[in-house]
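# Results of the structural survey
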Amino acid sequence: GPKVLQIPSHQIIDMGQMVTLNCDPVSNHLYFYWYKQILGQQMEFLVNFYNGKVMEKSKLFKDQFSVERPDGSYFTLKIQPTALEDSAVYFCASSLDEQYFGPGTRLTVL
Amino acid sequence: GDSVTQTEGLVTLTEGLPVMLNCTYQTIYSNPFLFWYVQHLNESPRLLLKSFTDNKRTEHQGFHATLHKSSSSFHLQKSSAQLSDSALYYCALSDRYNQGKLIFGQGTKLSIKP
């Protein structure tokens, strides 16, 4: 079936640095999402994106977070600066109708 | 706010026995959409079942679930567990079938033993 890819699979970073998580969505999909899953907790919605714009964001989507998809390439989540509480697995999803998920990027902030 | 509650933690069953994973929800949406996602080890979560029709059974790959708005439930069932059913199962809620955010439960790990 359709696959969403995420790069990298793991990222370790020092607190205060910037990190960019990359998502390669299904090619004809138009809607894009990021979810955050802290260890032992449920996946939580961060943001969704359509036609170059954020459609909806949750309280978890702090000012330090930003998303973009320049020129139809990767859909990215940037965190600048990172904080310890940003350590989590970040899942990207894309959809035309149902959401297809990537395998996640495990982010560790030291 | 909206929330989803699932069977806690780990469910361990012997192959061949029936499976039931509980999912209940709270929502302000008058017409909620409910989903079950499954995530096998080292794979991405993928959609297993979806429903928005009250009291109608939906089936896929041997699993079934029925949305009951009266009890705010969407339990996942299978008549006979297989070893390959071992995975993480997530129940999720949305206000629409597509484009909307998904609100997930905490997940239930299903382990099937021979």
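Residues numbered from 1 in each chain as written. Chains lettered and ligands numbered in written order. Predicted model: local features only at pLDDT ≥ 70, side-chain atom pairs only at ≥ 80, totals over all residues. Heavy atoms only, no water.

This part is about the state of the cysteines. Residue and element names in this part refer to chain A. Applying the stated criterion across every chain yields a total of 2 disulfides over all chains. Here Cys-23 is linked by a disulfide to Cys-92, with a sulfur-sulfur distance of 1.9 Å. Taking the sign of the S-S torsion, -65 degrees for the link of Cys-23 and Cys-92, the bridge is left-handed. Separated by 69 residues along the polypeptide, Cys-23 in strand S3 (residues 19–24) and Cys-92 in strand S9 (residues 88–95) bring together distant segments of the chain. Comparing Cys-23 with Cys-92, the two get one shared label, buried. (Disulfide = S-S within 2.5 Å. Helix = DSSP H or I, 4+ residues; strand = E, 2+ residues; numbered from the N terminus. Buried < 20%, exposed > 50% of the residue type's maximum accessible area, 1.4 Å probe, protein only.)

Before going further, it helps to examine the nonpolar core. Formed by 26 residues in total, the largest nonpolar core has its most connected members in Leu-21, Trp-36, Leu-48, Leu-76, Tyr-89 and Leu-110 of chain B. Counting residues per element, the ones that place at least two in this core are strand S2 (10–14), strand S3 (19–21), strand S4 (23–26), strand S5 (33–39), strand S6 (46–51), strand S8 (63–66), strand S10 (87–94) and strand S12 (108–113) of chain B. With 4 residues, S10 of chain B is the largest single contributor of residues to this core. Excluding residues that lie within four positions of it along the chain, Leu-110 of chain B makes contacts with Val-11, Leu-13, Val-19, Leu-21, Asp-85, Ser-86, Ala-87 and Tyr-89 of chain B. Listed in part, the 22 residues of the second largest apolar core include Ile-13, Val-47, Phe-75 and Leu-77 of chain A. (Core = buried A, V, L, I, M, F, W, Y, C linked by side-chain atoms within 4.5 Å. Contact = heavy atoms within 4.5 Å.)

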